[in-house]
Amino acid sequence: MTGTGESISIWMDPIAPQAPSQRAMPHPGEPPTSSGLDRDSALAFAPYTLARGEDARVADVVVVGAGLAGLTVAYLLLREGRQVLVIDKDGPSQGESARTTAHLSCVIDDGLVFLEGQVGEEGARLAVQSHAAAIDRIERLVNEEGIDCDFRRVDGWLIPARSEDADYIRDELAAAHRLGLLDASLRDDLVLGGRRLAPSIRFPLQAQFHPVKYMAALACIIQDRGGLIVRGQQVTGVEGGEYATIRLADGRALKSRACVVTTNSPIVDKYAIHTKQAPYRTYAVALTLPPGAVTPALWWDTAEPYHYIRLQPGTGEDLLIVGGEDHKTGEADDMDARFHRLEMLARDFFPQVGEVRHRWSGQVLEPFDGLAFIGRDPANTANILIATGDSGMGITHGTIAGMLLTDLLQGRANPWADLYDPSRKPLRNLKRAVKENFDAMREMIAGSIAETPAMAAIPPGSGAVVRMGGEKVAAYVDEEGGVTCVSATCTHLGCTVQWNPLEKSWDCPCHGSRFAIDGAVLAGPATAPLAPAEQQPG
């Protein structure tokens, strides 16, 4: 999970369906008996004994991470006849994929003009086509497999946050037409909350769905077709070579012909990808609506950071989902104010909304050019592949990853391969890449010299970085006054972690690693827990 349960997304409500595939997830010490393979075949296929040294068997493809990208890769590879083992420390749809607002759009959220400036007109056209193809792939999969996940096509609307944004919107329309979105149209008749929002752009044939229902179904289908899913195992490293070596936290390892790492932030290298993307926290609220009061659509505005809105139909009531208010990970503690602004935006545009039913946060990784990194890991051998850099479009980027990585593993050419190549460098506009790396370096330096509060200043139920005997310590004080102290030094590259009061976690502002109160890893790229503090209070 991405926290300790302090914020629960709409999709993880107790009444939401949990992946039924978990019923058939064996402990790695035991071979599966209900996966479609008999015991001997299962052991020959994937080393569930995870034997050490020379006794380890070789699997075909191991996918690390059971979010939308990992499950899509596994599903499509199984359709190609490959044998697939999926490993996740929590299980299917338990990470950032469950914290999405699930907008399915081919309109890149950084803006089409920005995208053209980064990758050129032809590259931007391929990006738009790939995201449209991802939506089509999801729709076909839903229809072919009979998945009940509330999928529907809807209009998407780019709306002005200010009257001064009219020129920006007209420029975006011109870019949309250049990039092949010829059905996009400029409109002056959109009214929300009694306000006419003009000019706006209508993008038909966007989509929405229930992501956890979709992923739960994928997990079941994967197992029904002979794929294996193992939860409860944390992967701490992946090494290339003739065979990939996947190392687990308990010291065991397994080998495979290929390994695909889809862990949101990759755990396979320390530098190559992490200097080209930056972690951001994003927020969402869901408010009740009378059934049928609003026609489903996607709306997003021109604010910086921008806001995004959609409807989730339900039984007895609908839910309006509003997201945004992003900030760099570890650089804010005013989460209540951000949630309040989202709620006020919802009430401004949709006065008929009722109570706030859910509020939650998630983490997105922003690449320098707005496009994910999907392909062969530049710091490894050719049989190690990655998908990361969702840029707030994780559902479509994750589906693109499934299609592109399947082609690469099957030896087929794919027109998107160069566009999403993880080894690409910023060539056209260095400003964003330089800024993000400067921010990370600033955090490394500032974390070593910043003033810290005294232990006595930490209120119950909260945490802070304090100095004890010269060491920076991440200290948490529980409601009864008990104190938990761990090192404040991130185990990835040594930045100082910061307290996240919403998720009650320690978050690294440099590359986005996240840790529980006791130092356990919640999210990479770190794979080792925060060390125990050398000095403990009392």
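Not measured: the values here are computed from a predicted model.

(A) Representation of the environment of proline 501 in the model. By the secondary structure assignment, proline 501 is in the loop between strand E23 (498-500) and strand E24 (505-507). Classification of proline 501 by relative accessible area gives partly exposed; the value is 32%. Spatially, the C-alpha atom of proline 501 lies 9.6 Å from that of alanine 464, the residues being 37 residues apart in sequence. The residues touching proline 501, leaving out its near neighbours within four places in the chain, are Asp333 and Met335.

(B) Broad picture of unusual backbone geometry. The peptide bond linking alanine 198 to proline 199 adopts the cis configuration, its omega dihedral lying at -5 degrees. Look at the link from glycine 524 to proline 525: it is a cis peptide, with omega at 20 degrees. One non-glycine residue with positive phi stands out, namely serine 93, at about 55 degrees. Along the chain, the position of serine 93 falls in the loop between strand E2 (84-88) and strand E3 (103-104). At alanine 102, a position not held by glycine, the phi torsion is positive, near 60 degrees. As for its placement among the helices and strands, alanine 102 is situated in the loop between E2 and E3.

(C) Looking closely at the state of the cysteines. Under the definition given, this model contains 1 disulfide. In this model cysteine 490 remains outside any disulfide bridge; the closest cysteine sulfur is found in cysteine 508, 3.9 Å from its own.

(D) Spotlight on the environment of isoleucine 400. Among the secondary structure elements, isoleucine 400 is positioned in helix H7 (residues 394-409). In this structure isoleucine 400 comes out as buried when scored by relative accessible area, which is 0%. The sequence separation of isoleucine 400 and alanine 372 amounts to 28 residues, and the corresponding C-alpha distance is 9.3 Å. Among all residues touching isoleucine 400, those that are not within four sequence positions of it are Ser130, His131, Ala134, Ile374, Trp416 and Tyr420.

(E) Broad picture of the sheet that holds E24. Taken together, 4 strands build an open sheet; the order of strands is E23-E24-E25-E26 and the sheet is antiparallel. Of all the strands in the sheet, the pair left with one neighbour each is E23 and strand E26 (521-523). With 2 bridges connecting them, strand E25 (residues 514-515) and E26 associate as antiparallel partners. Residue pairing in the sheet places phenylalanine 515 in a bridge with valine 521 of E26.

(F) A look at the pattern of salt bridges. Per the stated rule, a full pass over the model turns up 31 salt bridges. A salt bridge links glutamate 121 to arginine 125; the shortest N-O distance between them is 2.8 Å. Highlighted residues: glutamate 121 and arginine 125, both in helix H3 (residues 112-145), separated by 4 residues, approximately one helical turn. Measuring nitrogen to oxygen at the nearest pair gives 3.8 Å for the salt bridge that ties glutamate 503 to arginine 281. In this pair, glutamate 503 is assigned in the loop between E23 and E24 and arginine 281 in strand E13 (residues 277-289), connecting sequence segments 222 residues apart. Residue class for arginine 281 comes out buried when judged on its relative accessible area of 1%. One network of salt bridges, in which partners are shared, links Arg79, Arg137 and Glu144.

(G) Spatial organisation of helix H2 (residues 68-79). In this model H2 runs 17 Å from its N-terminal to its C-terminal C-alpha over 12 residues, within 8% of the 16 Å that 1.5 Å per residue would give. Here H2 lies mainly inside the structure; 11 of its 12 residues are buried. Within the sequence span of H2, burial applies to Leu68, Ala69, Gly70, Leu71, Thr72, Val73, Ala74, Tyr75, Leu76, Leu77 and Leu78. Where H2 ends, the next residue or the one after it, glycine 81, has phi of about 90 degrees, a positive value.

The rules behind these values
Residues numbered from 1 in each chain as written. Predicted model: local features only at pLDDT ≥ 70, side-chain atom pairs only at ≥ 80, totals over all residues. Heavy atoms only, no water. Helix = DSSP H or I, 4+ residues; strand = E, 2+ residues; numbered from the N terminus. Buried < 20%, exposed > 50% of the residue type's maximum accessible area, 1.4 Å probe, protein only. Contact = heavy atoms within 4.5 Å. Disulfide = S-S within 2.5 Å. Pairing = 2+ DSSP bridges. Salt bridge = Lys/Arg side-chain N within 4 Å of Asp/Glu carboxyl O. Expected span 1.5 Å × (residues − 1).

Limitation: the analysis is restricted to geometry and does not speak to function.
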